[in-house]
Amino acid sequence: TAAAGRVADVCLAVPTAAAADFLLGHLERTKFADARAGDFARHAVLQLPAENFSAVFPVLGSLSRATTGQRVALAEGLAAVAARPGRTLPAEAEAWMRTELVKAVTGNNSAIGNRAILALKGMSFPEKDPALHAVALDRAVAERNRISALRSLEPGANETESTLIAVVSGRDANTYRRVAAELLGT
């Protein structure tokens, strides 16, 4: 209903578990039909206490109508939760988040791809590296995304060093090559 949508909008400003519970229920009822559903999902998972995290599972099941942007927003929220000290995502939520972020990195929407790349920074799992390397080396990809990909690569990994060397010695714009050189130097 319209009233529930207005309450959901207000919940974005309320950093409580009660707001998270309302938003998760709202998302499950509306099946992500609201344009701000991704924002609702991200806020909900960030406010949800660890002991109530199983409440996310019904929402993951109602994502069939969600746009890529909405799914990435939820995945960003899950990534932020996973990055918190002492927080571990349930395996199902972790696997879903990883899949959605990696898929978005190489998708056709530059802005959403960049959001996914930034969410992956600091995360360590094998599936992310091939996508980030591909973006970093693809001249058809927006430079902003390529720079984010370079900065999100696993520091010190052999593949990262090879990618950085390829960029520095390549024919890309000087600003892009400079970023790669700086990262290679550190």
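Residues numbered from 1 in each chain as written. Predicted model: local features only at pLDDT ≥ 70, side-chain atom pairs only at ≥ 80, totals over all residues. Heavy atoms only, no water.

## Considering the overall build of the chain
Secondary structure summary: the chain contains 11 helices and 0 strands in total. Helices (α) and strands (β) of the chain occur, in sequence order from the N terminus, as α-α-α-α-α-α-α-α-α-α-α. C-alpha atoms of the chain, sized along the principal axes, occupy 55 × 30 × 25 Å. A buried classification covers 45% of the 186 residues belonging to the chain. For the chain, the separation between the mean place of its 21 positive charges and that of its 19 negative charges on side chains is 5 Å. (Helix = DSSP H or I, 4+ residues; strand = E, 2+ residues; numbered from the N terminus. Buried < 20%, exposed > 50% of the residue type's maximum accessible area, 1.4 Å probe, protein only. Lys, Arg positive; Asp, Glu negative; His and termini not counted. Charge placed at Lys NZ, Arg CZ, Asp CG, Glu CD.)

## Focus: the packing of aromatic side chains
One pass over the structure, following the stated rule, counts 0 aromatic pairs. A cation over an aromatic ring shows up here: R29 above the ring of F22, its NZ or CZ 5.9 Å from the ring centre. (Phe/Tyr/Trp six-rings, centres within 6.5 Å; stacked < 30°, edge-to-face > 60°. Lys NZ or Arg CZ within 6 Å of the ring centre and 35° of its normal.)

## Thoughts on unusual backbone geometry
Even without glycine at this site, K31 takes up a positive phi of about 55 degrees. Structurally, the position occupied by K31 is in the loop between helix 2 (17–30) and helix 3 (37–47). A residue is classified by how much of its surface remains accessible, and K31, at 39% relative accessible area, is partly exposed. Residue F32 is not a glycine yet carries a positive backbone phi of 65 degrees.

## Re the pattern of salt bridges
The final tally for this structure, using the stated rule, is 10 salt bridges. Here E94 and R98 are joined by a salt bridge, their closest N and O atoms 3.1 Å apart. Of the two residues, E94 and R98 are both situated in helix 6 (residues 91–105); the distance of 4 residues between them amounts to about one turn of the helix. Because the salt bridges share partners, they merge into one network encompassing D9, R36, D39, R42, E76 and R115. (Salt bridge = Lys/Arg side-chain N within 4 Å of Asp/Glu carboxyl O.)

## Focus: the packing of helix 2 against helix 3
As a packed pair, helix 2 and helix 3 sit with axes 8 Å apart at the nearest point and diverge in direction by 140 degrees. With respect to helix 3, the element helix 2 is oriented oblique. Read as a crossing pair, helix 2 and helix 3 show a hand that is left-handed. On helix 3, the residues touching A17, A20, L23, L24, H26 and L27 of helix 2 are A37, F40, A41, H43, A44 and Q47. Residue composition of the contact of helix 2 with helix 3, grouped by class: 9 nonpolar, 3 polar and no charged. (Axes fitted to C-alpha atoms, helices over the stretch in contact; angles between N-to-C directions. Parallel < 35°, antiparallel > 145°, perpendicular 65-115°, else oblique. Left-handed = near helix turned anticlockwise from the far one by under 90°. Contact = heavy atoms within 4.5 Å. Nonpolar A, V, L, I, M, F, W, Y, C, P; charged D, E, K, R; others polar.)

All we've got here are geometric facts, nothing functional implied.
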